[in-house]
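The primary structure of each chain is shown beneath.
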Amino acid sequence: MLRIAICDDQPQDLALIHQYLFKYQSIHTEYDFHIEPFHSADELLAAHEQNKEYDIYFLDILMPEKDGISLARQLRDKFVNGLIIFLTASPEYSLEAFGVKAMQYLLKPIKEEDVFSVLDDAAEISTKILARYLLVSLPEGKRQVRFSSITYVECKNRILYLHLNTGEILKTRNIRQSFEAEMGSLLEDYRFTRPHQSYIINMNYASRLQPAEIIMQDSSIIPISKKRVKEIRKEYLDFLSNQAPEL
């Protein structure tokens, strides 16, 4: 099931997006949507405080009290990694949309074909992300961990420490393979990179890149091996460029 939030203070626009989503789902029966409408940024943030998260967010930019860009920043600050699609009557906010890793930027009046086009990509990406889990061996037994919830992994003395976006840290049993082999599935995912022999990070949770280290959103400092500095810089910049909205 794909969870979709629509946040727009204009009832007619909110209803129109809702209508397009229902029509898309009736055509693409391989997807199961759970859609929730919100009339303000505060309504959506209140839902988030009740542990409601969504895979896709349609956010109006021009809303009173709190605009869509500010709302997106707050969601990102809370480690929300859902795909963000902005709705607006003006294209002047495109650079700010890039700053919060928005997937797309749709101009009002919103057309059905535009929503369908962005949903083709968003639904496919979200489904693939949701399907990806890492099976880890903990002292208390096996556990599946969603890739998207992992901020970074540290390897110390053949034990893995998985840092999650909830603040939880999972400590595994001793690994039998090398760190690289054990984390092979993570490293095949475009979101993850290995800046140091003892660390793998999820670039979605990287805050900034410095000459010899990466600062994560939770303020953790991840070292970068000297021999990997140029490669990591390129990987990270490529990753950011791929998050840019299409205008």
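What you are looking at is a predicted structure, and each value in this text was computed from that prediction instead of being measured.

## Section: helix α8 (residues 229-242)
Helical geometry: 3.6 residues make up each α-helical turn, so side chains three or four residues apart lie on a common side. Spanning 14 residues, α8 covers 20 Å between terminal C-alpha atoms, matching the ideal 20 Å at 1.5 Å per step. Against β11 (192-196), β13 (206-210) and β14 (213-216) lie the buried residues of α8.

## Observations concerning the nonpolar core
Counting 25 residues, the largest nonpolar core has Ile17, Leu21 and Phe58 as its most contacted members. Contributing elements (two or more residues each) for this core: β1 (2-7), α1 (11-27), β2 (33-38), β3 (56-60), β4 (83-88) and α5 (112-130). Per element, the largest residue contribution to this core is six residues, and it comes from α5. Residues contacting Leu21, with those up to four places away along its chain left out, are Ile4, Ile6, Phe33, Ile35, Phe58 and Leu119.

## Overview of the sheet that holds β14
The strand order across the open sheet formed by three strands is β13-β14-β15, and the pairing between neighbours is antiparallel. The strands lining the two open edges of the sheet, one partner per strand, are β13 and β15 (221-223). Pairwise comparison of adjacent strand axes, ignoring direction, gives a mean angle of 25° for this sheet. Relative to β15, β14 runs antiparallel, the two sharing three bridges. Looking at the pairing, Ile215 lines up with Ile221 of β15. Packing of α8 onto the sheet brings it into contact with β13 and β14, and relative to β13 it is tilted by some 140°.

## A short note on the side chain of Asp8
Looking at the secondary structure, you find Asp8 in the loop between β1 and α1. You can call Asp8 buried: its relative accessible area is 1%. Among the polar contacts listed, one links the side chain of Asp8 to the backbone nitrogen of Gln10, at a separation of 2.8 Å. When sequence neighbours within four positions are dropped, the list of residues in contact with Asp8 reads Asp13, Leu14, Phe38, His39, Asp60, Met63, Leu87 and Lys108.

## As for the environment of Ser225
Structurally, Ser225 is set in the loop between β15 and α8. Classification of Ser225 by relative accessible area gives buried; the value is 16%. Placed 55 residues apart in sequence, Ser225 and Leu170 show a C-alpha to C-alpha distance of 24 Å. Filtering out sequence-adjacent residues up to four positions away, Ser225 remains in contact with Pro195, His196 and Gln197.

## Here's the deal with empty space enclosed by the protein
Enumeration according to the criterion identifies one cavity of 30 Å³ or more in this entry. When its volume is computed, the largest cavity comes out at roughly 30 Å³. In terms of lining residues, the largest cavity is bounded by Ser40, Ala41, Asp42, Pro64, Glu65 and Lys66. In terms of residue class, the lining of the largest cavity is built from two nonpolar, one polar and three charged.

## What to know about the packing of aromatic side chains
The full count for this structure, using the stated rule, is eight aromatic pairs. Every member of this aromatic cluster is reached through a ring pair, and the members are Tyr24, Tyr31, Phe33 and Phe116. Lying across the ring of Tyr161, Lys156 places its NZ or CZ 5.1 Å from the centre.

## Quick word on the pattern of salt bridges
The final tally for this structure, using the stated rule, is 13 salt bridges. With a shortest N-O distance of 2.7 Å, Glu231 and Arg228 are connected by a salt bridge. Residue classification places Glu231 among the partly exposed residues on the basis of a relative accessible area of 43%.

Rules used throughout
Residues numbered from 1 in each chain as written. Predicted model: local features only at pLDDT ≥ 70, side-chain atom pairs only at ≥ 80, totals over all residues. Heavy atoms only, no water. Helix = DSSP H or I, 4+ residues; strand = E, 2+ residues; numbered from the N terminus. Expected span 1.5 Å × (residues − 1). Contact = heavy atoms within 4.5 Å. Core = buried A, V, L, I, M, F, W, Y, C linked by side-chain atoms within 4.5 Å. Buried < 20%, exposed > 50% of the residue type's maximum accessible area, 1.4 Å probe, protein only. Pairing = 2+ DSSP bridges. Axes fitted to C-alpha atoms, helices over the stretch in contact; angles between N-to-C directions. Polar contact = N/O pair within 3.5 Å; in protein donor to acceptor, adjacent residues only side chain to side chain. 1 Å grid on protein atoms, 1.4 Å probe; cavity = no way out; pocket = protein on both sides within 12 Å on 5 of 7 lines; lining within 4 Å. Points joined across faces, edges and corners; volume = space filled by probe spheres on them. Nonpolar A, V, L, I, M, F, W, Y, C, P; charged D, E, K, R; others polar. Phe/Tyr/Trp six-rings, centres within 6.5 Å; stacked < 30°, edge-to-face > 60°. Lys NZ or Arg CZ within 6 Å of the ring centre and 35° of its normal. Salt bridge = Lys/Arg side-chain N within 4 Å of Asp/Glu carboxyl O.

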